[in-house]
Structure formats: structure tokens, C-alpha cells
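# Inside the fold
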Amino acid sequence: MQTGTVKFFNETKGFGFVVDDASGQEIFLHVTGLNGVKVRENDRVEFETVEGRKGLNAVNVKRI
């Protein structure tokens, strides 16, 4: 599992970005990757990544 920090998440639109601790890369986060977990800006999270249409997507996101 990778770890990172939620940079931005718009609950109304259902998406945001996580900054990966190891690479510093911003990774797209869609509400479907949260599995019912609510996240806010600056939350610490664990996640996995999958290749999406426009790059990496964070999935199986859990707050830590």
C-alpha cells in the first residue's frame, strides 16, 4: 500500500487528488475509489493505484 495526503477533494463533484509520499506525484482520486470512506483535504491515507484513461487513479483508499 502507498501512503499520501489528500490535496483536494470536492465531495459534490466526487473527485480530488492525493499526493503520494514516495514520489510527490499527484494521483487522481474518484469517489468510487473510496469504498464509502469520507476524506477531506490534508487527511492521511493509504491507497493502491491503477492505470486509468488519463493516468494513475487511487483506489482502495483508507484513512490512517
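It should be emphasised that the depicted structure is a prediction, and the values quoted were computed from it without experimental measurement. (Residues numbered from 1 in each chain as written. Predicted model: local features only at pLDDT ≥ 70, side-chain atom pairs only at ≥ 80, totals over all residues. Heavy atoms only, no water.)

## Focus: the overall build of the chain
Where we set the bar: Under the scheme used here, helices are H or I runs from DSSP no shorter than 4 residues and strands are E runs no shorter than 2 residues, and both carry numbers assigned from the N terminus. Taken over C-alpha atoms, the radius of gyration is set against a globule rule of 2.2 Å times the number of residues to the power 0.38. The cut-offs for exposure are 20% and 50% of the maximum accessible area for each residue type, with area from a 1.4 Å probe on protein chains only; residues under the lower value are buried, those over the upper are exposed, and the others partly exposed. For this analysis, residues touch if any pair of their heavy atoms sits within 4.5 Å. Method for areas: the Shrake-Rupley scheme with a 1.4 Å probe, in which residue coverage is limited to the protein chains shown. As used throughout, the charge tally considers Lys and Arg to be positive and Asp and Glu to be negative, leaving His and the chain termini uncounted. The atom standing in for a charge is NZ when the residue is Lys, CZ when it is Arg, CG when it is Asp and CD when it is Glu.
Each helix and strand in the chain was counted, giving 0 helices and 5 strands. Written out in order from the N terminus, the α and β elements of the chain read β-β-β-β-β. A compact globule built from 64 residues would reach a C-alpha radius of gyration of about 11 Å, and the chain, at 10 Å, matches this within 12%. Here the C-alpha coordinates of the chain stretch approximately 25 × 25 × 15 Å along the principal axes. Across the 64 residues of the chain, 28% fall into the buried class. Partitioning the intrachain contacts of the chain with sequence separation of at least 6 by distance along the chain shows that 42% fall at a separation of at least 24. Roughly 4200 Å² of accessible area belongs to the chain as shown, and the carbon and sulfur atoms make up 48% of that amount. In the chain, 9 positive and 9 negative side-chain charges are present, and the distance between their average locations comes to 7 Å.

## Section: the UniProt feature "domain: CSD" (unreviewed entry) in the chain
Threshold: UniProt positions are given in the numbering used here, feature names are shortened, and annotations may be inferred rather than shown by experiment.
If you check UniProt for "domain: CSD" (unreviewed entry), the listed places come out as residues 1-63 in our numbering. The straight-line gap between the two end C-alpha atoms of residues 1-63 is 12 Å; of that span, 0% is helix and 60% is strand.

## Notes on unusual backbone geometry
One non-glycine residue with positive phi stands out, namely Asn35, at about 55 degrees. As for its position among the elements, Asn35 is in the loop between strand 3 (26-30) and strand 4 (44-52). A positive phi angle is found at Asn60, which is not glycine, with a value near 50 degrees. Structurally, Asn60 is set in strand 5 (residues 55-63).

## Points about the environment of Ala58
As for its position among the elements, Ala58 is in strand 5. Using a relative accessible area of 3% as the deciding quantity, one classes Ala58 as buried. Separated by 26 residues in the primary sequence, Ala58 and Thr32 place their C-alpha atoms 9.6 Å from one another. Filtering out sequence-adjacent residues up to four positions away, Ala58 remains in contact with Ile27, Phe28, Leu29, Gly33, Phe47 and Glu48.

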